[in-house]
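Architecture and fold: a report
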Protein chains: 2
Amino acid sequence: MLAFLSPLRRGALSAHATPLAVSVWPSRWTARNLQTASTAARGTFASLRDEDLQKLRQILGAKNVLTPQEVETEELARYNRDWMGKWEGRSAAILKPASTEEVSLVLKYANDHNLAVVPQGGNTGLVGGSVPVHDELVLSLLRMNAVEDLDQRSGIVTVQAGCVLENLDQYLAQHDFMVPLDLGAKGTCTIGGNAATNAGGLRYLRYGSLRGNVLGVEAVLADGQVVNSLSALRKDNTGYGLPQLFIGSEGTLGVITKLTILCPPRPKAVNIAFFACADFDRVQRTFALARQKLGEVLSAVEFCDRSAIDFVLKREAGTGVRDPLEEKHPFYVLIETSGSDGDHDEQKLHNFLEAAMGEESTVLDGVVAADETQARAIWRLREGVSDAMTTAGYVYKYDVSLPLPRMYELVEETRARLKEAGVEDTAKAAGYGHLGDANLHLNVTSLSGRDDKVHGLLEPWVFEWVSQAHGSISAEHGIGQCKPNFLHLSKADSAIQLMRTLKSALDPKGILNPYKVLA
Amino acid sequence: MLAFLSPLRRGALSAHATPLAVSVWPSRWTARNLQTASTAARGTFASLRDEDLQKLRQILGAKNVLTPQEVETEELARYNRDWMGKWEGRSAAILKPASTEEVSLVLKYANDHNLAVVPQGGNTGLVGGSVPVHDELVLSLLRMNAVEDLDQRSGIVTVQAGCVLENLDQYLAQHDFMVPLDLGAKGTCTIGGNAATNAGGLRYLRYGSLRGNVLGVEAVLADGQVVNSLSALRKDNTGYGLPQLFIGSEGTLGVITKLTILCPPRPKAVNIAFFACADFDRVQRTFALARQKLGEVLSAVEFCDRSAIDFVLKREAGTGVRDPLEEKHPFYVLIETSGSDGDHDEQKLHNFLEAAMGEESTVLDGVVAADETQARAIWRLREGVSDAMTTAGYVYKYDVSLPLPRMYELVEETRARLKEAGVEDTAKAAGYGHLGDANLHLNVTSLSGRDDKVHGLLEPWVFEWVSQAHGSISAEHGIGQCKPNFLHLSKADSAIQLMRTLKSALDPKGILNPYKVLA
């Protein structure tokens, strides 16, 4: 790959690739990491009785119903706690159905008996949407993980909701297709959870949102009714966009049990390059040049600031991941191309580099991955930020869309605010994210653990700042239990009202994922 | 363009380009073209009274309310009849609001007084969805046609619903962007109507459905409530996918008044090629080769059979459009590439041609357009089919998705069926459509005018055939008043039930576009 670009490669990347996926369940749970539960009062739902348990065991088989009375706390924790350890509920029972029919029977029973339910996939969400707030039943879809069908002509796959994203992608790779979605948690998150939360991630720039790629959905409504709106056709314009109701509704309108997804061909040639820029203005100009010169083969444009990279380098010390450039720089841009003709793509990348390093001078230094190991190590620098900042202390995470020119202003103003309050030595802010989608991740890690003062400095200030800048308070993570009280900052009252109308129509008793999305 | 390919070009295309857009309003209305109205009985809506008219004139201004008492029949016909002349209502009044507020006031009044309303854009639909069945008020959005904003960095445009698609595209062209949608009726149809019907068209293969490209919608509900779910952000994951409710619901859940759309950059290089194939198997293999060799620059793969081309050549006699190939062939494939680097695209096209004409031998003959005039003339051969078959007699149109290998079987079996009934001399079947999306248009033109015998041979037989082949009875045209009774052939009962739940929740009195979509 791109041998003709080697003069540019001043630094050296380790040959030791590190796995990109997050581990199945972090083993670093300590009390200091646990945030207080959501402040929403428990709804007037019934409490689980012995006779309910008996019935649920009849439906699912005894071993597929876990209760705190019988199971070790640590096993239960994986269903009750989110992966950052910020939110934790006390579910009365964890339910593990193996089929749509079982999901239907469980929900019908829950609805009839006024029991609240949290649907759960890989439980990798970042807004506390997939864990109980009080004692809701957890409905885990992990046993429903089969790929049911692939049409090798069209690339349309039919898959059960609990299939892990990476497993689905590896299955598709055998047939030269790919999931039009990729994200750091791919080794744990499930495709049903991805759809339920309308996950964004690293392939969004090229392949767009799941709203465009998910062709059909089978879902179970709150009362147990199974809605079959699966379609294995690229085009089907018969009636309302029912799958869209469930995409992005975070399990509050129904439980997705199966999906049909239009998958693009796996690209034959992939190039990864990593550049340093002197300021955010040049970061933006580098992106504009990339769009112009790389056109239809551009598949990702990501960025990090130095602070983010420092966290990764510290966390990954000893693993072989290191700074590929000789000097430190304030900003980094990662560019990926994916195309069907390697020679053409390299030529386009060459034209881009000539402009970016020559006449336009938007980049100071850079490397192009010479093989897949280097490519993975470069991606690790970007993908490792979230994990590195979560591990270094207690992290306050914000996921926002902003008009591109104002995207980094928020990071700078956050730093100024922390400094003014005298906490800049323990509260470290970093900015990174999906530049191509104007999606900023602002993380603030409190090195000394959870800190209410820092929290008070950040919220609701960040959300209000984003709102006045006409941004979105959640670009891709969703609302969950974290942001219902701030929803009005990104949604008009009329839209929130319509959301309530839909919720009442589909789940009149409100048993599905209560306390989430809508306040 | 592609000078190196000229040896392939055996035929010659006229230099006289013909306009691609359909005329604003065909002038060929004759009684023989009018089909009987839908058989749905009039609902228990109120009839328009003088005091209602007075109030509506107060809201809109007297000249923006047209009634049969004051206006020439031919002017009213453009709102009451669909463009094929198949369906015609007798609207009590045509209403022409100029703002969202006026739409809101009109709907609130109509809902309070139990008056039924048909929202209408360019009225180019093919399923009778945009004309009244009985005396419904027509709410024409044509005066709300402004482009309000374009973010030149992101390509996100904010536009009023009544803007004509071609006007929007021309506006965007000035800024090097394009609408991710193109269809034959572009000179008349409106972007709001396109979204309301989830229109497909010629750019679908490359840019996907409007569900992925429309970022936000402002819509007015049946009771006059304005729902602002506009978002001018590429990524915004705050709450339910409200715009999706209105996309594809054909005006039965709300009236779209404004949209935000993510528009791609206009391609710098476009190539058009036109090939002849001996059979449908080779048509499919040509498509597979195109996907393989043209990859990310492939932007359209269309097909026609000889019968379709014969209709166009007859209709266009004297206009300069003629067969670009020397001999007649059973099948034709049109391929378009769009990319950012003309040299690379030509090279990819060359590689494709080498395979298609060489080792793989999937094509018999072909031409590549040498300039834009030739490109338009080639497109005219494909785009002109619908108009040519409509003008030649009374046309029965079907728009279906099918598994690719079975796509042309339907045309062959239709011909056999017409022959068996002895009507093959007057009832001519042709197949064409969007091969890349497995979307077949089957047209049967009855040369002697409307023919109930032909109609009886075709329906419900075509729909049932498609259903048993696991296809969709409407790939892109929608349901309208034409197909509600066949909806169950493409949608599960559970899905239709959920559609009814949504309709009841959003429009409890059912005043919005009654008799359409749901039976």
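Everything numeric in this text was worked out from a predicted model, so none of it was measured. Residue numbers run consecutively from 1 along every chain, following the written order of its sequence. For this description, chains carry letters from A and ligands carry numbers from 1, given in the order in which they are written. For a predicted model such as this one, the threshold for reporting local features is a pLDDT of at least 70, and the threshold for listing and counting side-chain atom pairs is 80 or more; totals across whole chains, interfaces and linings nevertheless cover every residue. The side-chain values count all of the structure's non-hydrogen atoms but skip hydrogen atoms and water molecules.

1. Some points on the UniProt feature "domain: FAD-binding PCMH-type" (unreviewed entry) in chain A
Rules: UniProt positions are given in the numbering used here, feature names are shortened, and annotations may be inferred rather than shown by experiment. Going along the chain from the N terminus, every DSSP run of H or I of four or more residues is numbered as a helix, and every run of E of two or more is numbered as a strand.
Per the UniProt annotation, the sites labelled "domain: FAD-binding PCMH-type" (unreviewed entry) are residues 87-266 of chain A. Helix makes up 23% of residues 87-266 of chain A and strand 22%, and the two end C-alpha atoms of the span are 37 Å apart.

2. Observations concerning helix α4 (residues 165-173) of chain A
Residue and element names in this part refer to chain A. Stated precisely, the cut-off is as follows: Burial here depends on accessible area, computed with a 1.4 Å probe over protein chains only, as a share of the maximum for the residue type. Under 20% is buried, over 50% is exposed, and the range in between is partly exposed. Taken from the helix axis, the directions to the C-beta atoms give the arc we talk about. Contacts are assigned to residue pairs with any non-hydrogen atoms lying within 4.5 Å of each other.
Of the positions making up α4, those classed as buried are Leu165, Leu168, Asp169 and Leu172. Looking straight down α4, one finds its buried side chains confined to an arc of 100°; they lie on one side. Packing partners of the buried residues in α4 comprise β5 (147-151), β6 (156-160), α5 (191-196) and β9 (255-262).

3. So, unusual backbone geometry
Looking along the chain, the bond that leaves Glu459 of chain A and enters Pro460 of chain A is cis, with omega of 5°. Here Asp176 of chain B, not a glycine, exhibits a phi torsion of approximately 65°, which is positive. Mapped onto the elements of the fold, Asp176 of chain B is located in the loop between α4 (165-173) and α5 (191-196). In this model, Tyr515 of chain B sits at a positive phi of 70°, which is unusual for a non-glycine residue. Mapped onto the secondary structure, Tyr515 of chain B falls in the segment after α16 (493-506). Here Tyr515 of chain B falls in the buried class, since its relative accessible area comes to 16%.

4. Considerations on the interface of chain B and chain A
Note: interface size is frequently given as the accessible area lost on complex formation between the parts. To be explicit about the condition: Defined here as a combined quantity, buried area equals the accessible surface (1.4 Å probe) lost by two parts on assembly, summed across both. Between Lys or Arg on one side and Asp or Glu on the other, a salt bridge is scored when a side-chain nitrogen of the former is within 4 Å of a carboxyl oxygen of the latter. Polar contact criterion, stated in full: a pair of N or O atoms within 3.5 Å, where within protein one must be able to donate a hydrogen and the other to accept it, and residues adjacent in sequence count only if both atoms are side-chain atoms. Note on residue classes: Ala, Val, Leu, Ile, Met, Phe, Trp, Tyr, Cys and Pro are nonpolar, Asp, Glu, Lys and Arg are charged, and everything else, Gly too, is polar.
If you look at the interface, chain B gives 82 residues, while chain A gives 82 residues. Of all residues in chain B, Lys235, Asn237 and Tyr240 of chain B bury the most surface against chain A, accounting for 17% of the area lost on that side. The interface formed by chain B and chain A contains eight salt bridges. Residue Arg234 of chain A is joined to Asp437 of chain B by a salt bridge in which the shortest nitrogen-to-oxygen separation is 3.0 Å. Where chain B meets chain A, there are 44 residue pairs in polar contact (both at pLDDT 80 or more). Secondary-structure elements contributing two or more residues to the side of chain B that touches chain A are α6 (204-207), α7 (210-213), β8 (226-229), α8 (242-246), α9 (280-294), α11 (342-357) and α16 of chain B. With ten residues, the top contributor of residues to the side of chain B that touches chain A is α16 of chain B. A per-class count over the side of chain B that touches chain A returns 28 nonpolar, 38 polar and 16 charged.

5. Here's the deal with the packing of helix α11 (residues 342-357) of chain A against α11 of chain B
When two helices pack together, you describe them by how their axes are tilted relative to each other and by the distance separating the axes. The criterion, for reference: Angles run from 0 to 180 degrees between N-to-C directions of axes, and those axes are lines fitted to C-alpha atoms, restricted for helices to the stretch in contact. Any angle from 65 to 115 degrees is called roughly perpendicular, while one under 35 is roughly parallel, one over 145 is roughly antiparallel, and all others are oblique.
Packing of α11 of chain A against α11 of chain B brings their axes to within 11 Å, and their N-to-C directions diverge by 180°. Classified by the angle their axes make, α11 of chain A and α11 of chain B are roughly antiparallel. Contacts from His344, Gln347 and Lys348 of chain A of α11 of chain A reach α11 of chain B at His344, Gln347 and Lys348 of chain B. Among the residues forming the contact of α11 of chain A with α11 of chain B, the class breakdown is no nonpolar, four polar and two charged.

6. Quick word on the state of the cysteines
Quick reminder of the rule: Here, a disulfide means two cysteine sulfur atoms that sit within 2.5 Å of each other.
With the rule as written, the count across this model stands at zero disulfides over all chains. With no disulfide of its own, Cys189 of chain A has Cys163 of chain A as its nearest cysteine by sulfur position, at a separation of 10 Å. With no disulfide of its own, Cys263 of chain B lies 11 Å from the sulfur of Cys163 of chain B, the closest cysteine sulfur.

7. Looking at the side chain of Thr362 of chain B
Residues and elements named next belong to chain B. Tracing the backbone shows Thr362 in the loop between α11 and β13 (365-368). There is a polar contact of 2.9 Å between the side chain of Thr362 and the side chain of Thr286. In this structure, Thr362 is in contact with Cys277, Arg282, Arg285, Thr286, Leu289 and Ala356, ignoring residues within four places of it in sequence.

8. Description of the side chain of Glu218 of chain A
Residue and element names in this part refer to chain A. Short version of the rule: The charged-residue count follows a simple rule in which Lys and Arg add positive charge and Asp and Glu add negative charge, with His and chain termini not counted at all.
Among the structural elements, Glu218 can be located in strand β7 (residues 214-220). Although buried, Glu218 forms no salt bridge, and the nearest oppositely charged side chain, Lys258, lies 4.2 Å from it. One polar contact links Glu218 to Thr100, side chain to side chain, over a distance of 2.6 Å. The contact partners of Glu218, leaving out residues within four places of it in the chain, are Thr100, Val226, Val227, Ser229, Leu230, Val255, Ile256, Thr257 and Lys258.

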